[in-house]
Amino acid sequence: MRVGILGSGLMGGKLGTLFARAGHDVVFSYARTKGKLARLAREAGPNARAGSPAEAAEGADAVLLAVHWSRVDDVLVQAGSLAGTVVVTCSLPMNADDTDLVIAHRTSGAEALARKRPKARVVSAFGTVPSEVLFGVYERRRRKLRPSLLYCGDDKRARNAAVRLIEDVGFDPVDAGPLRMARNLEPFTLLIAQLAYEGKGGPELAYRFERL
Ligand SMILES: NC(=O)c1ccc[n+]([C@@H]2O[C@H](COP(=O)([O-])OP(=O)(O)OC[C@H]3O[C@@H](n4cnc5c(N)ncnc54)[C@H](OP(=O)(O)O)[C@@H]3O)[C@@H](O)[C@H]2O)c1
């Protein structure tokens, strides 16, 4: 697939690199400097390049939204309408100091995103995994027993794209149901993040809780 990365930080940088290594064409976009995007593209190999959010979105089969919640509107304006495009979001709706969710229970960040871009095909995936474990999971991807990773969404094409990307990175995709399940997934994700960053060995421990 052609995959545009909207937000090339810890998540976007690592996932984009792994998508490229798995054979997808990747465009890294949205960082504070063009130099960082160029470096990521160089390190990810021949399938990757750097560009603007508009270039990342243009002709993409899927885009990965991986920015802080406070940057979502800005990156969406730069990416354009995303009509018909699969949008895989791992962005948690966190407040500015990352202590709590700003949207929860009655709706979710994923559903808010779908309302912001009603013609996009939104699917929620990858949010529940700490970025620190991604390279290790990818290296062990050929093993029979893979760690599971939850996704949810209403759009068939988006769900299929998420399944393929999740498998290509080395996880076993677990269907959590329609997009409104993000109301449950996002608080769960916050719990995973707290577990991951409190105490030694947290990231490794956290992703093993997925199936539970
Ligand atoms: N990190 C994780 O383990 C993890 C796990 C699950 C879900 N998530 C979610 O994934 C999303 C991204 O998290 P992350 O940890 O990848 O964040 P991050 O490392 O801070 O990445 C965000 C990206 O946005 C860019 N950015 C920020 N402000 C910008 C601006 N004014 N102009 C242009 N680019 C700007 C950053 O640029 P620079 O690279 O130049 O700083 C960076 O590339 C968040 O919603 C988070 O909740 C993260």
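Look a little higher up for the structure.
Counting restarts for each chain: residues are numbered from 1 in the order of the written sequence. With pLDDT at 70 or above as the cut-off, local features in this predicted model cover only qualifying residues; side-chain atom pairs require 80 or more to be listed or tallied, and sums for whole chains, interfaces and linings still use all residues. To obtain the side-chain values, all non-hydrogen atoms of the structure were included, while hydrogens and water were left out.

1. A short note on the overall build of the chain
- Secondary structure elements are defined from DSSP: runs of H or I of at least 4 residues count as helices, runs of E of at least 2 residues count as strands, and each element is numbered from the N terminus. What the chain contains, in helices and strands, is nine helices and eight strands.
- Our radius of gyration looks at C-alpha atoms and nothing else; its globule reference is 2.2 Å times the residue count to the power 0.38. For the chain, the C-alpha radius of gyration of 16 Å lies close to 17 Å, the compact-globule estimate for 212 residues.
- Along the longest, intermediate and shortest principal axes, the C-alpha atoms of the chain span 40 × 40 × 35 Å.
- Across the 212 residues in the chain, those meeting the buried criterion constitute 53%.
- Note on contacts: a residue pair is in contact if any heavy atoms of the two residues lie within 4.5 Å. Within the chain, contacts between residues at least 6 apart in sequence are counted, and of these 69% link residues at least 24 apart.
- For the purpose of counting charges, residues Lys and Arg are taken to be positive, whereas Asp and Glu are taken to be negative. His and the chain ends are not included. A charged residue contributes its charge at one atom only: NZ of Lys, CZ of Arg, CG of Asp or CD of Glu. A distance of 3 Å separates the average location of the 31 positive side-chain charges in the chain from that of its 23 negative side-chain charges. Per-residue accessibility, obtained with a 1.4 Å probe over protein chains only, is compared with the maximum for each type, and a residue is labelled buried under 20%, exposed over 50%, and partly exposed between these values.

2. Examining empty space enclosed by the protein
- In this analysis the probe radius is 1.4 Å and the grid spacing 1 Å, with only protein atoms considered; a cavity is a set of points the probe fits into but cannot get out of, a pocket is an open set with protein on both sides within 12 Å along at least five of seven lines, and lining residues have an atom within 4 Å of a point. Grid points are joined across faces, edges and corners, and a volume is the space filled by probe spheres set on the points. Tallying each qualifying case throughout the model produces one cavity of 30 Å³ or more.
- Reported here for the largest cavity is a volume of approximately 100 Å³.
- Lining the largest cavity are 13 residues, with Thr89, Ser124, Gly127, Thr128 and Thr189 positioned closest to its centre.
- Those elements that place two or more of their residues in the lining of the largest cavity are strand 6 (121-125) and helix 8 (182-197).

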